[in-house]
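Architecture at a glance
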Amino acid sequence: MKNHFGCPVQATSNVLAGKWKVLIVWHLAFGSKRFAELRELLPGVSEKVLTSQLRELERDFVLTRVVTESVPPRVDYFLSGAGKELIPVMEAMCGWGTKHLGVQPTLPPLWR
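In short, a report on the structure.

Parameters at a glance
- Residues numbered from 1 in each chain as written.
- Predicted model: local features only at pLDDT ≥ 70, side-chain atom pairs only at ≥ 80, totals over all residues.
- Heavy atoms only, no water.
- Helix = DSSP H or I, 4+ residues; strand = E, 2+ residues; numbered from the N terminus.
- Rg over C-alpha atoms; globule rule 2.2 N^0.38 Å.
- Buried < 20%, exposed > 50% of the residue type's maximum accessible area, 1.4 Å probe, protein only.
- Areas by Shrake-Rupley, 256 points an atom, 1.4 Å probe, with all protein chains shown as cover.
- Pairing = 2+ DSSP bridges.
- Contact = heavy atoms within 4.5 Å.
- Core = buried A, V, L, I, M, F, W, Y, C linked by side-chain atoms within 4.5 Å.
- Salt bridge = Lys/Arg side-chain N within 4 Å of Asp/Glu carboxyl O.

1. Some remarks on the overall build of the protein chain
A count of helical and extended segments in the protein chain gives six helices and three strands. Relative to its length of 112 residues, the protein chain is compact, with a C-alpha radius of gyration of 15 Å against a globular reference of 13 Å. Within the protein chain, buried positions represent 31% of all 112 residues. For the protein chain, the exposed surface amounts to about 7,400 Å²; the carbon and sulfur share of it is 60%.

The following block contains the structure:
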């Protein structure tokens, strides 16, 4: 993990730093996804970068990777408990973008 110099804001920023991580968390807030589903939801992401970002989020305990033994093996990604705690942050970002940038959300609001 990158140095956060004892600052919790920097530490959190480090966990979410990366072009696709915030969007990965956003999409997983609506339920588990398989790798191919995430790739389709993130146009422009390469498989290599998506794999790397998913591994980093798993390493930082934001998501959980579950492998189901089948042929072929099934891999699902879920938000962990810590990852679910980021949902209000994502909702706040959505609200801020709507209010200040006029961007309308393309996904329904999260219901807890």
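Structure shown, so let's carry the discussion forward.
2. Notes on the sheet that holds strand β2 (residues 63-68)
Judged by pairing direction, the sheet is antiparallel, and its three strands sit side by side in the order β1-β3-β2 without closing on themselves. Edge strands, defined here as strands with exactly one partner in the open sheet, are β1 (33-34) and β2. Here β1 pairs with strand β3 (residues 74-79) via two bridges, running antiparallel. Of the residues in β3, the one forming a bridge with lysine 33 is tyrosine 77.

3. Examining the pairing of β2
Across six bridges, the pairing between β2 and β3 is antiparallel. Its bridge partner lying in β3, valine 67 is registered against valine 75. Where β2 hands over to β3, the hairpin turn is made up of five residues, counted between the paired strands.

4. Regarding helix α1 (residues 8-16)
All buried positions along α1 are accounted for by Ala11, Asn14, Val15 and Leu16. Those residues of α1 hidden inside the fold are in contact with α2 (21-28), α4 (47-59) and α6 (87-101). A positive phi of about 140° marks glycine 18, the residue just after α1.

5. Re the nonpolar core
In terms of nonpolar packing, the biggest core is built from 23 residues, with Ile24, Val25, Leu50, Leu54 and Tyr77 touching the most fellow members. Looking at this core, the elements that each hand over two or more residues are α1, α2, α3 (35-41), α4, β3 and α6. Residues contacting tyrosine 77, with those up to four places away along its chain left out, are Leu28, Ser32, Lys33, Arg34, Phe35, Leu38, Leu54, Leu63, Thr64 and Arg65.

6. Let's talk about the pattern of salt bridges
What the rule picks out here adds up to four salt bridges. The closest approach of N and O atoms between aspartate 60 and arginine 59, which form a salt bridge, is 3.2 Å. You can call arginine 59 partly exposed: its relative accessible area is 46%.

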